[in-house]
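Okay, here's what each chain looks like letter by letter:
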Amino acid sequence: MRFDIPLPDDTARLEALAHLDGLVKPVGSLGRVEELAAWLAAAHGSMPPRPLDDVRVVVFAGDHGVSDPAGPHGAVSAYPREVTASMVRVFLAGTSGVTVLARQVGARVRVLDIAVDGELADVPAEVTAHKIRRGSGSIDVTDALAPGEAERALAAGMAVADAEIDAGADLLIPGDMGIGNSTVAATLVAAVLGLPAEDVVGTGTGVNEAGRARKVAAVRAALARTADRASDPLSTFTALGSACAAATAGFVLRAAERRTPVLLDGVFSCAAALVCAELAPEAPRWWLAGHRSTEPSQAFALKALGLTPLLDLGLRLGEGSGAVQAVPLLRSAQAVISEMGLLADLA
Ligand SMILES: O=C(O)c1ccc[n+]([C@@H]2O[C@H](COP(=O)([O-])O)[C@@H](O)[C@H]2O)c1
Ligand SMILES: Cc1cc2nc[nH]c2cc1C
């Protein structure tokens, strides 16, 4: 599997940087907003960059076997796995955290059942159209995916990105909903970066110290079970990931292939992105980190991807909720570089 990721336009970036220096302000005084403006110009290959009118969030929902409290390591989440299916209905009703926040910035939210453990008979068919399986395997005891499923999930995420880009998306945001997925995210980051379980595991939805210790044990068991088998991205998703992780990776990879900027969200999308960045080392040039999550593995993933989060608000909701809140910063950057006057015109 090979990905041809184009490079952002360095000429537009340099033109943007020169223009920013000539705006009616002390040189560099808009700090990171200036960096964002130049980043956008490079991504769009145009100076000034276009407005980000059409922002789309896709929430990849699915269960993760490791969340079974009857499993060998006990409960790894503060909430029962049934919440995953229930939350799909909340997204559809328009009352989830990310949906409310997305409305504030005029972004659309689409939810997909990629691997919810059950049949959602009462939801529109398009929600389940990309379903890969009912729940991914419990990575501490078995592979997450059967042969071929990682490829199918990756392809599903790509097809979804294609559809959103073809429909006019200017910016894509991957969201996640899956009880137990912070354990899977931590495992993926530990596997890719060769880190010990103890360093990557956080408290997820809010487990206590005993819960965190159970998560560490589950991550350790998963890493020991697979040893060196998780050597490439598809086998990593198969052994230690989930259908949602592979679909999320496909989504952000295809966006990069199609020159579409992405705002990564919390620990899950960053872990999925990290795994697939091995296949496509230039892909992170098309991604920004929306926010810093409270999960330690997100910090490791971002560092490895070379990304610095835009916001740091102590968020740990997932769903794309942090990235959505960073959208106004990108729009500010686009407005500044497009509309500010010139220092040379000072009377
Ligand atoms: O985005 C994050 O960094 C984040 C951090 C902690 C929890 N979450 C959300 O909470 C769920 C995972 O937490 P847990 O404790 O069930 O593993 C999942 O639905 C995520 O969207 C998300
Ligand atoms: C209610 C709830 C909403 C969520 N959204 C993302 N993860 C979540 C976990 C819970 C428990």
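Throughout this document, residue positions are counted from 1 along each chain, in the order its sequence is written. Whichever chain is written first is A, and whichever ligand is written first is 1; the rest continue in order. Since the coordinates come from a predicted model, pLDDT governs what is reported: local features require at least 70, and pairs of side-chain atoms require 80 or more to be given and counted, while whole-chain, interface and lining totals use all residues.

What about the overall build of the protein?
Item 1. Only runs of H or I of at least four residues qualify as helices and only runs of E of at least two qualify as strands under DSSP, and these elements are numbered from the N terminus. When you go through the protein residue by residue, the secondary structure sums to 14 helices and 7 strands.
Item 2. Note that the radius of gyration is over C-alpha atoms, with the globule rule given as 2.2 Å times the number of residues to the power 0.38. Computed over C-alpha atoms, the radius of gyration of the protein comes to 20 Å, within 12% of the 20 Å expected from 2.2 N^0.38 for 347 residues, which places it in the range of a compact globule.
Item 3. Considered along the principal axes of its C-alpha atoms, the protein spans approximately 75 × 40 × 40 Å.
Item 4. Residues are called buried when their C-beta atom has 20 or more other C-beta atoms within 10 Å, exposed when it has 12 or fewer, and partly exposed otherwise; all C-beta atoms are positioned from the backbone. Here the protein holds 347 residues, and the buried ones make up 56% of them.
Item 5. Taking as baseline every contact in the protein between residues at least 6 positions apart, the subset at least 24 positions apart corresponds to 76%. Any pair of residues counts as being in contact when their C-beta atoms, constructed from backbone geometry, are within 7 Å of one another.

Remarks on the site of ligand 2
Item 1. By definition, a residue lies near a molecule or strand provided its backbone-derived C-beta atom is within 6 Å of it. Around ligand 2 sit Y79, V83, M87, M177, T205, L317, G318 and E319, and those are all the residues in its vicinity.
Item 2. Polar here means any residue outside two lists: the nonpolar Ala, Val, Leu, Ile, Met, Phe, Trp, Tyr, Cys and Pro, and the charged Asp, Glu, Lys and Arg; Gly therefore counts as polar. Here the shell around ligand 2 is built from residues that sort into 5 nonpolar, 2 polar and 1 charged.

Details of helix α2 (residues 31-44)
Item 1. A helix is expected to span 1.5 Å multiplied by its residue count minus one. Over its 14 residues, α2 extends 21 Å from the first C-alpha to the last, a length consistent with the 20 Å expected when each residue adds 1.5 Å.
Item 2. Burial analysis of α2 places 10 of its 14 residues in the buried class, which makes it a mostly covered element.
Item 3. Within α2, the full set of buried residues consists of E34, L36, A37, A38, W39, L40, A41, A42, A43 and H44.
Item 4. Lining the buried residues of α2 we find α1 (10-21) and α14 (321-339).
Item 5. In the segment just after α2, G45 is the residue with positive phi, at about 65°.

Considerations on the domain arrangement of the protein
Item 1. Each domain's extent was defined by an automatic or database domain assignment. In terms of domain boundaries, the protein breaks down into domain 1 (10-50 + 333-345) and domain 2 (55-329).
Item 2. Computed over C-alpha atoms, the centres of domain 1 and domain 2 are 33 Å apart.
Item 3. Listed by partner, the interface residues are 5 residues for domain 1 and 5 residues for domain 2.
Item 4. Looking at which element gives the most residues to the side of domain 1 that touches domain 2, the answer is α2, with 3 residues.
Item 5. Residue composition of the side of domain 1 that touches domain 2, by class: 4 nonpolar, no polar and 1 charged.

A few points about the site of ligand 1
Item 1. Surveying the vicinity of ligand 1 reveals 24 residues, the closest of which are S77, G204, G266, S293 and G318.
Item 2. If one sorts the elements of the shell around ligand 1 by residue count, helix α7 (residues 181-193) sits on top with 3 residues.

Thoughts on helix α6 (residues 149-166)
Since the α-helix packs 3.6 residues into each turn, any two residues three or four apart lie on the same face.
Item 1. Spanning 18 residues, α6 covers 25 Å between terminal C-alpha atoms, matching the ideal 26 Å at 1.5 Å per step.
Item 2. Buried within α6 we find E149, A150, A153, L154, A156, G157, M158, V160, A161 and E164.
Item 3. As for α6, its buried residues are in contact with β1 (55-62), β2 (108-115), β3 (171-177), α10 (233-240) and α11 (243-257).
Item 4. At the C-terminal side of α6, G168 shows a positive phi close to 115°.

Some details on the environment of G137
Item 1. Inspection of the secondary structure assignment puts G137 in the loop between α5 (125-128) and α6.
Item 2. Setting aside residues no more than four positions away along its own chain, G137 makes contact with G65, T142, D143, A144 and L145.

Remarks on the packing of α2 against α14
Item 1. The convention used is that axes are lines fitted to C-alpha atoms, helices contributing only their stretch in contact, and that angles between N-to-C directions extend from 0 to 180 degrees. Contact pair α2 / α14: the axes reach a minimum separation of 8 Å and the direction vectors enclose 80°. In terms of axis orientation, α2 runs roughly perpendicular to α14. Contact residues: V33, L36, A37, L40 and A41 in α2; L329, L330, S332, A333, Q334, V336 and I337 in α14.
Item 2. Counted by class, the contact of α2 with α14 contains 10 nonpolar, 2 polar and no charged residues. By definition in this entry, angles of less than 35 degrees are roughly parallel, angles greater than 145 are roughly antiparallel, angles of 65 to 115 are roughly perpendicular, and the rest are oblique.

With respect to the nonpolar core
Within soluble globular proteins, side chains that are nonpolar generally end up buried alongside one another.
Item 1. Residues V59, I114, L188, V189 and A271 are the most contacted members of the largest nonpolar core, which totals 116 residues.
Item 2. At 11 residues, the largest contribution of residues to this core is made by α11.
Item 3. Residue contributions to this core reach at least three from each of two domains, namely domain 1 (10-50 + 333-345) and domain 2 (55-329).
Item 4. Once you skip the residues sitting within four places of it in the chain, A271 turns out to touch A185, L188, V189, A245, S297 and A301. Under the definition applied here, buried Ala, Val, Leu, Ile, Met, Phe, Trp, Tyr and Cys residues are grouped into a nonpolar core through C-beta atoms within 7 Å.

Considerations on unusual backbone geometry
Item 1. Here the bond from M47 into P48 is cis, since omega is 0°, no more than 30 degrees from zero.
Item 2. Position of P48 among the secondary structure elements: in the loop between α2 and β1.
Item 3. Even without being a glycine, R259 presents a positive backbone phi close to 60°.
Item 4. Residue classification places R259 among the partly exposed positions, given that 16 C-beta atoms sit within 10 Å.
Item 5. The backbone phi angle of E319 is positive, close to 70°, even though this residue is not glycine.
Item 6. Tracing the chain through its elements places E319 in the loop between β7 (311-315) and α14.

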